[in-house]
Amino acid sequence: MCGIVGYIGNRNACEVLVEGLKRLEYRGYDSAGVALFADSHIDVIKTPGKVSRLESMTSGVQAARIGIGHTRWATHGEPNTVNAHPHTDCTGNFAIIHNGIIENYSSLKTKLTLLGHSFRSQTDTEVLAHLIEEFYSKTRSTEMAVRLALKEVNGTFGIVVMSSSEPDVLIAARRGSPLLIGLGDSENLIASDASALISHTRNVLYLHDNEIAIITRDNVSLKNLDDEAIEREAEHLTFDLEQIEKGGFDHFMLKEINEQPETIKNALRGRLIDADGISKMGGLRDVEDKITNARRFVILACGTSWHAALVGKYILEQCANIPVEVDYASEFRYRNPVLMDGDVVWVMSQSGETLDTLAALREAKVKGAPVYGIVNVVGSTIARETDAGVYIHAGPEIGVASTKAFTSQLAVLNLINLLVSRRRRTISAEQGRAIVEEMERLPEKIEQILGQRDEIEAIAEEFKDSRNFLYLGRGVNFPVALEGALKLKEISYIHAEGYPAAEMKHGPIALIDENMPAVFVAPGDSTYDKILSNIQEVRARKGNVIVISNEADGRLKDLAKYIVQIPKTIDILSPILSVIPLQLLSYYIAVKRGCNVDQPRNLAKSVTVE
Ligand code: M6R
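Residues numbered from 1 in each chain as written. Predicted model: local features only at pLDDT ≥ 70, side-chain atom pairs only at ≥ 80, totals over all residues. Heavy atoms only, no water.

A. Spatial organisation of the layout of surface pockets. Each pocket or cavity is described by its volume, and for the largest pocket that value is around 1,000 Å³. Lining of the largest pocket is provided by 45 residues; of these, Phe239, Asn376, Val377, Val378 and Pro396 occupy positions nearest its centre. For the lining of the largest pocket, the elements supplying multiple residues, two or more each, are strand 11 (203-206), strand 15 (235-236), helix 7 (260-268) and helix 12 (381-385). Among the elements that take part in the lining of the largest pocket, helix 7 stands out by supplying three residues, more than any other. For the lining of the largest pocket, a count of residues per class yields 16 nonpolar, 16 polar and 13 charged. Viewed by domain, the lining of the largest pocket spans two of them, domain 1 (3-240) and domain 2 (253-440), each represented by three or more residues. When its volume is computed, the second largest pocket comes out at roughly 500 Å³. Together, 26 residues line the second largest pocket, and Cys302, Gly303, Thr304, Lys605 and Val607 are the ones closest to its centre. Contributing elements (two or more residues each) for the lining of the second largest pocket: helix 9 (303-319), strand 20 (343-349), helix 11 (355-366) and helix 16 (478-492). If one sorts the elements of the lining of the second largest pocket by residue count, helix 16 sits on top with four residues. Within the lining of the second largest pocket, the residues separate by chemical class into nine nonpolar, 10 polar and seven charged. (1 Å grid on protein atoms, 1.4 Å probe; cavity = no way out; pocket = protein on both sides within 12 Å on 5 of 7 lines; lining within 4 Å. Points joined across faces, edges and corners; volume = space filled by probe spheres on them. Helix = DSSP H or I, 4+ residues; strand = E, 2+ residues; numbered from the N terminus. Nonpolar A, V, L, I, M, F, W, Y, C, P; charged D, E, K, R; others polar. Domains from an automatic or database assignment.)

B. Structural detail: the sheet that holds strand 26 (residues 544-549). Taken together, the five strands give an open sheet; going across it, the order is 24-23-25-26-27, and neighbouring strands pair in parallel fashion. Strand pairing shows two members of the sheet lacking a second neighbour, strand 24 (495-500) and strand 27 (562-565), which therefore form its edges. For this sheet the average axis-to-axis angle between neighbouring strands, irrespective of direction, equals 20°. Pairing geometry for strand 26 and strand 27, over four bridges, is parallel. From the neighbouring strand, Ile548 faces strand 27, where its bridge partner is Val564. (Pairing = 2+ DSSP bridges. Axes fitted to C-alpha atoms, helices over the stretch in contact; angles between N-to-C directions.)

C. How the structure looks around the domain arrangement of the protein chain. As assigned here, the protein chain comprises domain 1 (3-240), domain 2 (253-440) and domain 3 (451-596). Computed from C-alpha atoms alone, the centre-to-centre distance between domain 2 and domain 3 is 26 Å. At the junction of the two partners, domain 2 supplies 28 residues and domain 3 supplies 24 residues. Summing both sides of the interface, domain 2 and domain 3 together bury roughly 2,100 Å²; the carbon and sulfur share of this comes to 74%. Taken together, domain 2 and domain 3 are joined by zero salt bridges. Here domain 2 and domain 3 share nine residue pairs in polar contact (both at pLDDT 80 or more) between them. Mapped by element, the contributors of at least two residues to the side of domain 2 that touches domain 3 are helix 6 (252-258), helix 7, helix 9, helix 13 (404-423) and helix 14 (429-450). (Contact = heavy atoms within 4.5 Å. Buried area = accessible area lost by both parts, 1.4 Å probe. Salt bridge = Lys/Arg side-chain N within 4 Å of Asp/Glu carboxyl O. Polar contact = N/O pair within 3.5 Å; in protein donor to acceptor, adjacent residues only side chain to side chain.)

D. Here's a closer look at the side chain of Ser121. Secondary-structure assignment places Ser121 in the loop between helix 3 (105-114) and helix 4 (125-139). Not counting the four nearest positions on each side in its chain, Ser121 is found in contact with Val82, Asn83, His87, Lys109 and Glu126.

E. The arrangement of the packing of helix 3 against helix 4 in detail. Interhelical geometry of helix 3 versus helix 4 gives an angle of 45° and a closest axis separation of 10 Å. Here helix 3 lies oblique to helix 4, going by the angle between them. Crossing geometry of helix 3 relative to helix 4 is assigned as left-handed. Here helix 3 contributes Tyr105, Leu108, Lys109 and Leu112 to the contact with helix 4, which in turn contributes Val127, His130, Leu131 and Glu134. Its residues assigned to classes, the contact of helix 3 with helix 4 shows five nonpolar, one polar and two charged. (Parallel < 35°, antiparallel > 145°, perpendicular 65-115°, else oblique. Left-handed = near helix turned anticlockwise from the far one by under 90°.)

This is the structure we're talking about:
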């Protein structure tokens with residue numbers, strides 16, 4: 001999604017901004033631009049396409065010491081030069097960059113047009129530039145003009161404004177779109193994401209909703225929209241730039257797939273109590289009773305996080321004997337969802353910024369439910385707005401296709417299951433200890449699967465030109481089939497469908513012929529014999545069968561064209577292993593088709609629009 005960088009200091013602002021924008025590329029965008037102040041005026045340089053194009057357009061621009069930069073993911077108006085950010089007012093005195101959506105932009109535009117403002121772009125953002133211009137004509141203060149303009153606005157924003165009449169200050173503000181300020185030595189930066197700042201400073205201030213930051217070279221002050229000062233301690237970022245770079249792999253996605261032994265360890269670290277066969281999570285300590293005594297869990301999420309939630313439903317219903325409803329956050333927020341006394345709502349999100357999930361969280365709170373988070377990005381909006389929660393500690397996930405976050409979400413759902421099941425006494429201490437033991441073995445088992453990358457790459461080679469794929473699984477591995485299909489379609493653009501294996505005979509079986517690969521997720525669990533019959537049904541129609549299994553019996557060998565062997569584990573943990581060959585299969589197919597694996601077309605890492 002859109003990215004923001006701002007700089008004020010003594011260095012070449014253009015260079016700092018372009019470098020920051022490159023670090024934000026992973027978020028997904030379709031145009032980029034900068035605004036720079038030098039020689040008493042603001043210059044705006046922008047272009048559709050990649051930051052590298054902007055870089056060549058700005059090479060040689062050296063004078064500016066203050067500027068703002070943006071990567072835009074189109075929402076209002078096509079991705080072209082005019083619609084790219086920064087946007088300016090009529091006079092060119094103000095330049096603005098904006099993440100989010102101004103919902104009442106159309107009525108504001110009509111009003112401003114009647115007042116004589118003329119618009120160049122189709123964007124909602126340009127309205128803000130003119131609104132600030134309008135208030136500046138009355139107040140002669142940029143800060144005040146921004147504050148008054150924002151009071152007129154409905155919707156979400158993370159903005160940075162610069163002005164040629166006050167060239168020593170950047171004004172930033174947020175409501176719903178993340179912004180953080182990097183505190184340097186005689187320089188300060190602002191960005192929508194820590195990765196754009198971290199090569200300059202680790203000391204940061206997070207801006208909260210409805211706050212304004214007034215940023216000069218040597219000072220940062222925070223205020224609310226009512227002009228009241230806010231005090232906040234700076235925080236120290238602990239992750240390394242190295243962590244967000246490719247670390248020797250060809251793509252971030254491959255790096256992140258390979259990080260999973262480590263990320264699973266991180267998700268579990270310090271949270272398993274071996275002797276008692278239970279888990280503990282600091283973020284849930286105060287709400288353990290509420291969780292244990294819940295009548296029902298409702299889990300809200302989108303995309304891959306929604307698939308993880310579906311796995312959670314199987315696990316929690318099976319072990320903790322608690323009813324679990326899983327809902328797309330985007331559907332929940334637009335229904336009249338029924339929440340009852342005793343319901344506990346969980347929202348799950350890698351980024352912690354997905355707008356649909358955030359809106360669902362707020363809706364659940366309005367309805368009076370306790371809302372807890374399962375989030376990766378520390379300090380993200382969802383993490384802050386939930387009543388309590390657990391971080392999955394997967395580290396920065398840069399590839400747009402979620403991989404390590406999915407398995408870490410599953411690990412955390414298993415921790416929650418262990419806690420609740422033991423406290424509700426639906427499993428014994430001995431059963432709890434067996435689960436703990438198996439969880440601790442996951443990292444080495446993941447290593448074993450990663451060791452089969454060459455075999456999986458060979459399968460990818462054979463099927464890379466297929467036009468359709470079917471992914472089938474049962475029970476706790478049905479959501480894994482959905483996730484395998486999502487991974488393939490989003491990075492290779494091959495159409496893929498995930499289905500419960502037994503449902504195949506109710507329709508999708510009509511698609512099966514010698515051109516249709518069918519990927520079965522079939523570990524040797526209670527559904528194994530049933531799924532063998534489903535495999536037989538596909539083979540009888542000449543379908544190509546690829547099986548992910550921890551069984552290697554003769555029946556399977558006779559039926560499957562390829563078997564990817566995964567280590568045995570207990571049923572509730574098997575999705576953490578069975579999804580990994582599917583991630584690798586999608587990755588290799590996409591690479592062989594020449595696709596942009598880390599930044600697939602039309603997709604954004606964090607979807608902060610409806
Ligand atoms: O950051 P979130 O977990 O809230 O994101 C939800 C989805 O947008 C995300 O999982 C999306 O489906 C990914 N592209 C999947 O790989």
